[in-house]
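In case you want the letters, here they are:
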Amino acid sequence: MFRTLVSVNTLALLTLVLAGCSANSVTTIENESQPTNEKTGRFQNLDAGKKSYPLTCKQDCYKPRSDIQCGSDGLCQYTGNKKASHGVTDFSVKWLGHAAFVIKTPTGETFLTDPVFNDFDWPINWLFSLDGGEQREVDVEPDPELIDVTDAVLYSHLHYDHFNKSDIETIGVEPEYLVPLNVAAHFPSIGANITELGWFSSKKIGESLVTAVPAHHFSSRTFVPLIYEDNNKGSWSAWLIENKGKTLFFAGDTGYSEHFKVINKRYGDIDVCLLPIASYYSEESPEWYRYVHLTPEDALAAAADLNCKVFIPWGYGNASWGMGDLSSHSALTRFLNMAEKVGTSAEIVILNEGESL
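Residues numbered from 1 in each chain as written. Predicted model: local features only at pLDDT ≥ 70, side-chain atom pairs only at ≥ 80, totals over all residues. Heavy atoms only, no water.

What follows deals with helix H5 (residues 259-267). Taken together, the buried positions of H5 are occupied by His-259, Phe-260, Ile-263 and Asn-264. Taken around the axis of H5, the buried residues stretch over an arc of 145 degrees, which confines them to a single face. A positive backbone phi angle near 85 degrees is found at Gly-268, which sits one or two residues after H5. (Buried < 20%, exposed > 50% of the residue type's maximum accessible area, 1.4 Å probe, protein only. Helix = DSSP H or I, 4+ residues; strand = E, 2+ residues; numbered from the N terminus. Arc of directions from axis to C-beta.)

Okay, here's the thing in structure tokens:
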């Protein structure tokens, strides 16, 4: 099934005009129907159900490492060798922090993934603080020059650490926005050009083909007890960028499942993989956290399924929020320990916030 829809609600448009705002332009491209729950009609994962994981770290997972150094200010850095790419990629990749990357293709298109520059949207930032959540040690500051050259912003899902309305207002209307299904309604009305894409659906941005592909996660944005919840009303996606025969994969938030093998079967081996390795740890709900997030060893298994040539992990670090992890760099510690133990054919490149491949 192929569906293209451009919709602007007339009443909403009138309200926006009276308020001096601009309605967004929304296009939906859905080449294949996404899986939905038979009872609720809401989105679900491609490989839903109980999981069997290839490997689980059980001993010396967090053995201290000399290549991760923490200062008296509590900020940590990876100080190990930075491997140079063996020429397998012509992509330029800069890690801003958490899930935010600046990606420049061989033909010059610039993409920005999941930009959350400062903190969560209100009121979640306030509630998160009240609940004892760790604040960001380092904010990601918006760079006007970066925004000026950004061709498209790719959002993986609606969770507050990946999607921030105030940052959309900062970025403005010049870049295009590519999002999963049913996400456009959450945008502030600024006159943005938004395309919703179902899984395995694509859009050309310059000389690059951008495709929404499955992730193994969930969606939620709003919860009012006994009144309203929007669990899985919006979808979630990973993104594949193809340019001049080269591919880059941004996984978004995801747990380990068969979807990585499905992606490899459809699109072949991946040149650059940006895979999360954090937010898997929970004393209260370890199975659930792992179900929707990769452990470091799950990320290594995913890289093998995708046959990644270059593997850049993310999600740890000073610009994350400590959600579900022991410390800012505990996930990276476990990842490096497990990579040394089990090995990988991918070339691992470790970045600190602000560094580039």
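The structure having been displayed, the exposition proceeds.
Right, let's get into the pattern of salt bridges. A full pass over the atoms with the stated rule returns ten salt bridges. Salt-bridge contacts for Asp-47 lead to Lys-51; the nearest nitrogen and oxygen are separated by 3.9 Å. A relative accessible area of 23% means that Asp-47 is categorised as partly exposed. Measuring nitrogen to oxygen at the nearest pair gives 3.2 Å for the salt bridge that ties Asp-271 to Lys-309. In this pair, Asp-271 sits in the loop between H5 and strand S17 (272-276) while Lys-309 sits in the loop between helix H7 (296-306) and strand S18 (310-314), placing the two residues 38 residues apart along the sequence. (Salt bridge = Lys/Arg side-chain N within 4 Å of Asp/Glu carboxyl O.)

What follows concerns a nonpolar patch on the surface. A contiguous nonpolar patch, built from Val-224, Leu-226, Ile-227 and Tyr-228 and spanning about 470 Å² of accessible area, is present on the exposed surface. Residue placement: Leu-226 occurs in the loop between strand S13 (223-224) and strand S14 (228-229). Classification of Leu-226 by relative accessible area gives exposed; the value is 92%. (Patch = residues over 30% accessible without salt bridge, like charges linked within 9 Å, V, L, I, M, F, W, Y side chains within 5 Å. Areas by Shrake-Rupley, 256 points an atom, 1.4 Å probe, with all protein chains shown as cover.)

Most of H7 sits out of view: ten of its eleven residues are buried. Those residues of H7 that fall on the buried side of the exposure criterion are Pro-296, Glu-297, Asp-298, Ala-299, Leu-300, Ala-301, Ala-302, Ala-303, Asp-305 and Leu-306. Positioned one or two residues after H7, Asn-307 has a phi angle of 50 degrees, which is positive.

Throughout the structure, instances matching the rule amount to three disulfides. The disulfide bridge from Cys-70 ends at Cys-76, spanning 2.0 Å between sulfur atoms. Of note, the bridge from Cys-70 to Cys-76 carries an S-S torsion of about 100 degrees and is right-handed in sense. In this structure Cys-76 comes out as buried when scored by relative accessible area, which is 5%. (Disulfide = S-S within 2.5 Å.)

Here we take up the sheet that holds S18. The strand order across the open sheet formed by seven strands is S11-S12-S15-S16-S17-S18-S19, and the pairing between neighbours is mixed. Either end of the sheet is taken by a strand with one partner, and the two such strands are strand S11 (201-205) and strand S19 (347-348). As paired elements, S11 and strand S12 (residues 208-213) share five bridges and run antiparallel to each other. Looking at the pairing, Lys-204 lines up with Leu-209 of S12. Seen against the sheet, H5 touches S12, strand S15 (238-243), strand S16 (246-250) and S17 and runs at an angle of roughly 150 degrees to S12. (Pairing = 2+ DSSP bridges. Contact = heavy atoms within 4.5 Å. Axes fitted to C-alpha atoms, helices over the stretch in contact; angles between N-to-C directions.)

Before going further, it helps to spend a moment on the packing of H7 against helix H8 (residues 330-342). Interaxial distance between H7 and H8 falls to 8 Å at its minimum, and their mutual angle equals 50 degrees. Of the possible angle classes, the one that applies to H7 and H8 is oblique. Like other packed secondary-structure pairs, H7 and H8 cross with a definite hand, here right-handed. Residues Pro-296, Glu-297 and Leu-300 of H7 pack against Ala-331, Arg-334, Phe-335, Met-338, Ala-339 and Val-342 of H8. Here the contact of H7 with H8 is built from residues that sort into seven nonpolar, no polar and two charged. (Parallel < 35°, antiparallel > 145°, perpendicular 65-115°, else oblique. Left-handed = near helix turned anticlockwise from the far one by under 90°. Nonpolar A, V, L, I, M, F, W, Y, C, P; charged D, E, K, R; others polar.)

Moving on, we get to the side chain of His-329. Within the secondary structure, His-329 sits in the loop between S18 and H8. Taking relative accessible area as the criterion, His-329 reaches 3% and is therefore assigned buried. One polar contact links the side chain of His-329 to the main-chain carbonyl oxygen of Cys-76, over a distance of 3.5 Å. Among all residues touching His-329, those that are not within four sequence positions of it are Ile-68, Cys-76, Gln-77, Tyr-316, Gly-317 and Asn-318. (Polar contact = N/O pair within 3.5 Å; in protein donor to acceptor, adjacent residues only side chain to side chain.)

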